[in-house]
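Summary of structural features
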Amino acid sequence: MQLCQQAGWILVSVATDPELAPAVVAGGGMRAIVAYAAGDDDEQKEEGAWALANLSSEPANAPSIVEAGGLRVLLGLLDSSSGAVRLQARRRQPPPPPP
């Protein structure tokens, strides 16, 4: 299980980098991030929700998030007993500035 968590953290880290996030989305990584956010561990849920919040700042990612089940997962995380998980589940990054 620890290897899975480490791999998930790497994916979350890449997904939250503005320069690398498009490759994660284009490469089908959204389902893996959603699965990571839906895990059993509160730290994992918090990190996964953080990545989804960052990815949601780009409107073009919304369909991928919804299709991967991310909206359902985020709504479920709002009921978490962990305040940190709830905070990340309801957080939304502001959109990036125009070029």
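To start, this report covers the structure provided alongside it. The structure presented is a predicted model; accordingly, all values stated were derived computationally and were not measured.

1. Focus: the nonpolar core
- Of all hydrophobic cores here, the largest spans 21 residues; its most connected members are Met30, Ile33, Leu52, Leu55 and Leu77.
- Counting residues per element, the ones that place at least two in this core are helix 1 (2–15), helix 2 (21–26), helix 3 (30–37), helix 4 (42–55), helix 6 (70–77) and helix 7 (83–90).

2. Considering the packing of helix 4 against helix 6
- Running from N to C, helix 4 and helix 6 cross one another at 130 degrees; their axes reach a closest spacing of 11 Å. The angle between the axes of helix 4 and helix 6 places the two elements in the oblique class. The interaxial crossing formed by helix 4 with helix 6 has left-handed handedness. In contact with Lys45, Ala49 and Leu52 of helix 4, helix 6 contributes Gly70, Leu74 and Leu77.
- Residues belonging to the contact of helix 4 with helix 6 are distributed by class as follows: 4 nonpolar, 1 polar and 1 charged.

3. Some remarks on the environment of Ser64
- Mapped onto the elements, Ser64 comes out in helix 5 (residues 62–67).
- A residue is classified by how much of its surface remains accessible, and Ser64, at 22% relative accessible area, is partly exposed.
- Once the C-alpha coordinates of Ser64 and Gly28 are considered, the two residues, 36 residues apart in sequence, prove to be 8.7 Å apart.
- Sequence-distant contacts of Ser64, defined by excluding residues within four places in its chain, comprise Val25 and Met30.

4. Concerning the side chain of Ser80
- Tracing the chain through its elements places Ser80 in the loop between helix 6 and helix 7.
- For Ser80, a relative accessible area of 12% corresponds to the buried category.
- Looking at Ser80, its side chain comes within polar contact range of the main-chain nitrogen of Ser82, at 3.0 Å.
- Leave out the neighbours within four places in its chain, and Ser80 touches Asp42, Val85 and Arg86.

5. Focus: the environment of Met30
- Among the structural elements, Met30 can be located in helix 3.
- Taking relative accessible area as the criterion, Met30 reaches 3% and is therefore assigned buried.
- Taking C-alpha positions, Met30 is 6.3 Å from Ala68, a pair spaced 38 residues apart along the chain.
- Apart from residues no more than four positions distant in its own chain, Met30 is found in contact with Val24, Val25, Leu52, Leu55, Asn61, Ser64, Ile65 and Ala68.

6. Details of the packing of helix 1 against helix 3
- With their axes 10 Å apart at the nearest point, helix 1 and helix 3 run at an angle of 125 degrees to one another. Taken together, the axes of helix 1 and helix 3 are oblique relative to one another. When the axes of helix 1 and helix 3 are compared, the crossing they make is left-handed. Contact with helix 1, carried on its side by Cys4, Gln5, Gly8, Trp9, Leu11, Val12 and Ala15, involves Ala32, Ile33 and Tyr36 of helix 3 and no other residues of that element.
- Each residue belonging to the contact of helix 1 with helix 3 can be placed in one class, and the counts come to 8 nonpolar, 2 polar and no charged.

What counts, and where the lines are drawn
- Residues numbered from 1 in each chain as written.
- Predicted model: local features only at pLDDT ≥ 70, side-chain atom pairs only at ≥ 80, totals over all residues.
- Heavy atoms only, no water.
- Core = buried A, V, L, I, M, F, W, Y, C linked by side-chain atoms within 4.5 Å.
- Buried < 20%, exposed > 50% of the residue type's maximum accessible area, 1.4 Å probe, protein only.
- Helix = DSSP H or I, 4+ residues; strand = E, 2+ residues; numbered from the N terminus.
- Axes fitted to C-alpha atoms, helices over the stretch in contact; angles between N-to-C directions.
- Parallel < 35°, antiparallel > 145°, perpendicular 65-115°, else oblique.
- Left-handed = near helix turned anticlockwise from the far one by under 90°.
- Contact = heavy atoms within 4.5 Å.
- Nonpolar A, V, L, I, M, F, W, Y, C, P; charged D, E, K, R; others polar.
- Polar contact = N/O pair within 3.5 Å; in protein donor to acceptor, adjacent residues only side chain to side chain.

Note that all results are geometric; they support no functional claim without further evidence.
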